[in-house]
Amino acid sequence: MQQDTIQRLEGGRRTRGVARSKPPFVSIITVVYNGGGALRSTLESAFVQAYKDYELIIIDGASTDDTIQNLVAFDDQIDYWVSEPDRGIYDAMNKGIKAATGEWIYFLNSGDSFVSQNVLMQAAEVLKQSNAEILAGYVRVLSKGKVTGRFPLNISKTNSARQLFQSRFCHQALFVRKQSYDNIGGFDLRFPTFADFFACYQIVNKFGRFDHAPIEIANFDLGGVSSDYRKSARLYRERERIFQDVGEGKSPHAYFLGLCRAYAYQYKHAILKNL
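A brief report on the enclosed structure follows. None of these values were measured; they are calculated from a predicted model.

**Considerations on the pattern of salt bridges**
If charged atoms from side chains of opposite charge come close, those side chains can pair.
Okay, step 1: Counting across every chain of the model gives 15 salt bridges.
Okay, step 2: In this structure, the salt-bridge partner of R20 is D79, at a minimum N-O distance of 3.1 Å. With R20 in the loop between β2 (9-11) and β3 (26-32) and D79 in the loop between α2 (67-73) and β5 (80-83), this pair connects stretches of sequence that are 59 residues apart.
Okay, step 3: R20 gets classed as partly exposed once you look at its relative accessible area, which sits at 35%.
Okay, step 4: With its nearest N and O atoms 2.9 Å apart, the salt bridge here joins E103 to R177.

Here you go:
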């Protein structure tokens, strides 16, 4: 583990000169900030994978809890980790892409976990036959520890951006070629919540379609900022900016009605919470 004058810590096998004989097939990238025990369970779900042709990269946003201690404890099992300040989750994910050396990238963020130890093996069998830029599987949606659904819903290669968004086309369900992320310049920090969707739609729209496989990949905890009813109006505005950016903007009248629905959703949940 090394430290320099800008409060930057790094570690993992790569920093000790432990080189691979060939680039890994898959790069698993985990971004975290004050992950605590959630990070440990996420990492352990990667360590037990039966398929071993992967690298594990951790990008930490200068955590102040026991995250660093967990990274040090698993130093021999992590290819590379770094802890330093960042500008948010997508800035951290961009750092992960830059550090990755695999052909395919998968983001398994702190709090998420692989469904089983065979996930990477199942995915690799499909990826090795695919000519697409993205492979879409499924995530199991958890709420308070219980499975409540599965994303994405009803996706096809002909979906519009709006249809893909409404299906919950999320990065936890996707394997993406590193070259594709590089080609679009990574995640656009103009979109603090939905930059993952914007990036993947850009790839689908500009560089090729995606393949879909009936593989359950990860357990996804429905507790992030995109699921926070208190931010529903702001999130609605952000997603509409994305649709406008890709040429699927709606009329001002439709935008106003949608915004009203977002505020109504926020008000309804605030009332229910206080009952």
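Moving on from the coordinates now.
**Concerning the nonpolar core**
Okay, step 1: The biggest cluster of nonpolar side chains holds 79 residues, and the ones touching the most others in it are F175 and Y181.
Okay, step 2: Among the elements that take part in this core, helix α7 (residues 195-207) stands out by supplying eight residues, more than any other.
Okay, step 3: Residues in contact with Y181, not counting those within four places in the same chain, are I97, I105, F107, V176, G186, F187, A199, C200 and I203.

**As for unusual backbone geometry**
Okay, step 1: Between F151 and the following residue, P152, the backbone shows a cis peptide bond with an omega angle of -10°.
Okay, step 2: Relative to the helices and strands, P152 resides in the loop between β9 (146-151) and α5 (161-166).
Okay, step 3: Positive phi, normally seen in glycine, also occurs at A62, with a value near 65°.
Okay, step 4: With respect to the element layout, A62 can be found in the loop between β4 (54-60) and α2.
Okay, step 5: A relative accessible area of 25% means that A62 is categorised as partly exposed.

Rules of the game
Residues numbered from 1 in each chain as written. Predicted model: local features only at pLDDT ≥ 70, side-chain atom pairs only at ≥ 80, totals over all residues. Heavy atoms only, no water. Salt bridge = Lys/Arg side-chain N within 4 Å of Asp/Glu carboxyl O. Helix = DSSP H or I, 4+ residues; strand = E, 2+ residues; numbered from the N terminus. Buried < 20%, exposed > 50% of the residue type's maximum accessible area, 1.4 Å probe, protein only. Core = buried A, V, L, I, M, F, W, Y, C linked by side-chain atoms within 4.5 Å. Contact = heavy atoms within 4.5 Å.

These results come straight from atomic positions and should not be treated as a statement about function.
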